[in-house]
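Coordinate analysis (summary)
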Amino acid sequence: MTTATDYEAIAVRAGRELEEATAQEVLRWAADTFGKRFCVTSSMEDAVVAHLASTVLPGVDVVFLDTGYHFPETIGTRDAVAATMPVNVITLTPKLTVAEQDAQYGPNLHDRDPDLCCSLRKVEPLNRGLGGYDAWATGLRRDESPSRADTPVVAWDAKRRKVKIAPIARWTQDDVDAYVQANGVLLNPLLWEGYTSIGCSPLSCTAKPGDGEQGRAGRWAGSGKTECGIHL
């Protein structure tokens, strides 16, 4: 039986050995190593990692967090991915509906305490949903923000005691754009409207970046917050 200590050692070794590997090679390693106990998470900003994973593991589980605050376009992207790609989309939801959260914590928690809101609506559901997996993949890239500049391709997620994989960590936005164009990958329509990073719909959570700003500049703008907590 493989233990958490074994998986930690596997993650450390793979992080070293796969640093220069292609995204497909990283995902092939994940599929061969973990099989059905491996999943991909997606915010449905795009379907790049889901598409990549489906080429090496058709039917792979793609986990989506429905916070109750998503743009309609994001939900539409999720539905389109489920309908057109060889993946198994799994939607996770928080324990509380938005109405129940408002009743317990007061309305607009995302404005007053965004860390708590993200914890309730993203972090807790993901932690719960990853219970059946030994490894999970994300779409994190090093060029997205300073907080992500050191993202390993493979690492040990000590909080969840799972292997965490970022197959496109070394990609640039140009690499993403080229892959999307070459493979006809689904994109969230909001990207065409000037958004560069898409999360929940309240303006305090997701806004279009200002002039000269790029990447995640529109997320929690002006608050000092840079991550929802999933990747901390």
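Residues numbered from 1 in each chain as written. Predicted model: local features only at pLDDT ≥ 70, side-chain atom pairs only at ≥ 80, totals over all residues. Heavy atoms only, no water.

Remarks on the overall build of the chain
Short version of the rule: Under the DSSP-based scheme used, a helix requires at least four consecutive residues in state H or I and a strand at least two consecutive residues in state E, with every element numbered from the N terminus. We take the radius of gyration over the C-alpha atoms and set the globule estimate at 2.2 Å times the residue count to the 0.38 power. The protein chains shown are the only cover counted for residues, whose accessible areas, like all others here, come from Shrake-Rupley with a 1.4 Å probe. We count Lys and Arg on the positive side and Asp and Glu on the negative side, and we leave His and both chain ends out. Think of each charge as sitting on NZ of Lys, CZ of Arg, CG of Asp or CD of Glu.
Looking only at helices and strands, one finds 8 helices and 6 strands in the chain. Traced from its N-terminal end to its C-terminal end, the chain shows the element sequence α-α-β-α-β-α-β-α-α-α-β-β-β-α. For a compact globule of 232 residues, the expected C-alpha radius of gyration is about 17 Å, and the chain comes in at 17 Å, within 12% of that figure. On the principal axes, the C-alpha backbone points of the chain span a range of 45 × 40 × 35 Å. When the accessible surface of the chain is summed, it comes to about 11,000 Å², and 52% of that surface belongs to carbon and sulfur atoms. In the chain, which carries 24 positive and 31 negative side-chain charges, the distance between the mean positions of the two groups comes to 6 Å.

What about the packing of aromatic side chains?
Our working rule: Each pair of aromatic rings taken from Phe, Tyr and Trp, with Trp reduced to its six-membered ring, is defined by centres within 6.5 Å and is described as stacked if the planes are under 30 degrees apart, edge-to-face if over 60, and tilted in the remaining cases. Only protein chains enter the accessibility calculation, which uses a 1.4 Å probe. A residue is then buried if its area is under 20% of the maximum for its type, exposed if over 50%, and partly exposed in between. Whether a charge lies above a ring is judged from NZ of Lys or CZ of Arg, which has to be within 6 Å of the ring centre and within 35 degrees of the ring normal.
Under the criterion given, the structure shown has 4 aromatic pairs. Between Trp 29 and Phe 34, the ring centres sit 5.6 Å apart and the planes meet at 90 degrees, which makes this aromatic pair edge-to-face. Residue class for Phe 34 comes out buried when judged on its relative accessible area of 7%. Chaining the aromatic ring pairs together yields one cluster made of Tyr 7, Trp 29 and Phe 34. Sitting over the face of the ring of Trp 220, Arg 219 holds its NZ or CZ atom 4.7 Å from the ring centroid. Sitting over the face of the ring of Trp 220, Lys 225 holds its NZ or CZ atom 5.0 Å from the ring centroid.

Side note on the sheet that holds strand 5 (residues 154-157)
Two strands in a sheet stick together by hydrogen bonds in their backbones, pointing the same way (parallel) or opposite ways (antiparallel). Put simply, the rule reads: Two strands are counted as paired when DSSP detects at least two bridges linking them. An axis is simply a line fitted to the C-alpha atoms; with a helix, the fit covers only the stretch in contact. Between two such axes, the angle follows the N-to-C directions and lies from 0 to 180 degrees. By the convention used here, residues are in contact when the closest approach between their heavy atoms is within 4.5 Å.
If you walk across this open sheet you meet the 6 strands as 3-2-1-4-6-5, and the pairing is mixed. Each end of this open sheet is capped by a strand with a single partner; those strands are strand 3 (87-92) and strand 5. On average, each strand axis in the sheet is inclined to that of its neighbour by 30 degrees, with strand direction left out of account. Of the strand pairs in this sheet, strand 1 (residues 38-41) and strand 2 (residues 60-65) are connected by 3 bridges, and their pairing is parallel. The partner of Val 40 across the bridge, within strand 2, is Val 62. Relative to the sheet, helix 2 (residues 23-34) contacts strand 1, strand 4 (135-137), strand 5 and strand 6 (162-165), its axis offset from that of strand 6 by approximately 160 degrees.

Thoughts on helix 1 (residues 4-17)
We count it as follows: How far a helix is expected to stretch is found by multiplying one less than its residue total by 1.5 Å. Starting at the helix axis, one direction is taken to each C-beta atom, and the arc is that of these directions.
Relative to the 20 Å expected for 14 residues at 1.5 Å per residue, helix 1 spans 20 Å between its end C-alpha atoms, a close match to the ideal helical length. Looking at helix 1, one finds that the buried residues are Tyr 7, Ile 10, Ala 11, Ala 14 and Gly 15. Taken around the axis of helix 1, the buried residues stretch over an arc of 130 degrees, which confines them to a single face. Structural note: helix 1 exposes Thr 5, Arg 16 and Glu 17 on the side pointing more than 90 degrees away from its buried face. On its buried face, helix 1 sits against helix 2, strand 5 and strand 6.

Regarding unusual backbone geometry
A positive phi angle, close to 65 degrees, is found at Met 44, a residue other than glycine. Within the element layout of this structure, Met 44 appears in the loop between strand 1 and helix 3 (48-56). Located in the positive-phi region is Asn 108, a residue other than glycine, with phi close to 55 degrees. Residue position: Asn 108 is located in the loop between helix 5 (98-105) and helix 6 (109-112). For Asn 108, a relative accessible area of 40% translates into the label partly exposed.

Here's the deal with the nonpolar core
Just so we agree on the cut-off: We call a set of buried Ala, Val, Leu, Ile, Met, Phe, Trp, Tyr and Cys residues a nonpolar core when their side-chain atoms join them within 4.5 Å.
With 47 residues, the main nonpolar core has Trp 29, Phe 34, Phe 38, Val 154, Val 163 and Ile 165 as its most contacted residues. The element contributing the most residues to this core is helix 2, with 7 residues. The next biggest cluster of nonpolar side chains, apart from the first, holds 18 residues, and it includes Leu 65, Tyr 69, Tyr 133 and Cys 228.

A look at the packing of helix 3 against helix 8 (residues 173-183)
Note the threshold: Each angle is binned into one of four classes, with values under 35 degrees roughly parallel, values over 145 roughly antiparallel, values of 65 to 115 roughly perpendicular, and all other values oblique. Here a crossing is called left-handed whenever its near helix is offset anticlockwise from the far helix by less than a right angle, and right-handed whenever the offset is clockwise. Classes in brief: Ala, Val, Leu, Ile, Met, Phe, Trp, Tyr, Cys and Pro nonpolar; Asp, Glu, Lys and Arg charged; the others, Gly included, polar.
The interhelical angle for the contact between helix 3 and helix 8, taken along N-to-C directions, is 60 degrees, at an axis separation of 11 Å. The pairing of helix 3 with helix 8 is recorded here as oblique in orientation. Note that helix 3 runs across helix 8; the crossing there is left-handed. Seen from helix 3, the contacting residues are Val 48, His 51, Leu 52 and Thr 55; seen from helix 8, they are Val 176, Tyr 179, Val 180 and Asn 183. A per-class count over the contact of helix 3 with helix 8 returns 5 nonpolar, 3 polar and no charged.

With respect to helix 2
Here helix 2 spans 16 Å end to end across 12 residues, near enough to the 16 Å set by a 1.5 Å rise per residue. Buried residues of helix 2: Ala 23, Val 26, Leu 27, Trp 29, Ala 30, Ala 31 and Phe 34, and no others. Buried-residue contacts for helix 2 involve helix 1, strand 1, helix 3, strand 4, strand 5 and strand 6. Of the residues one or two after helix 2, Gly 35 is the one with positive phi, at around 55 degrees.

Scope: geometric values only; no functional claims are made or implied.
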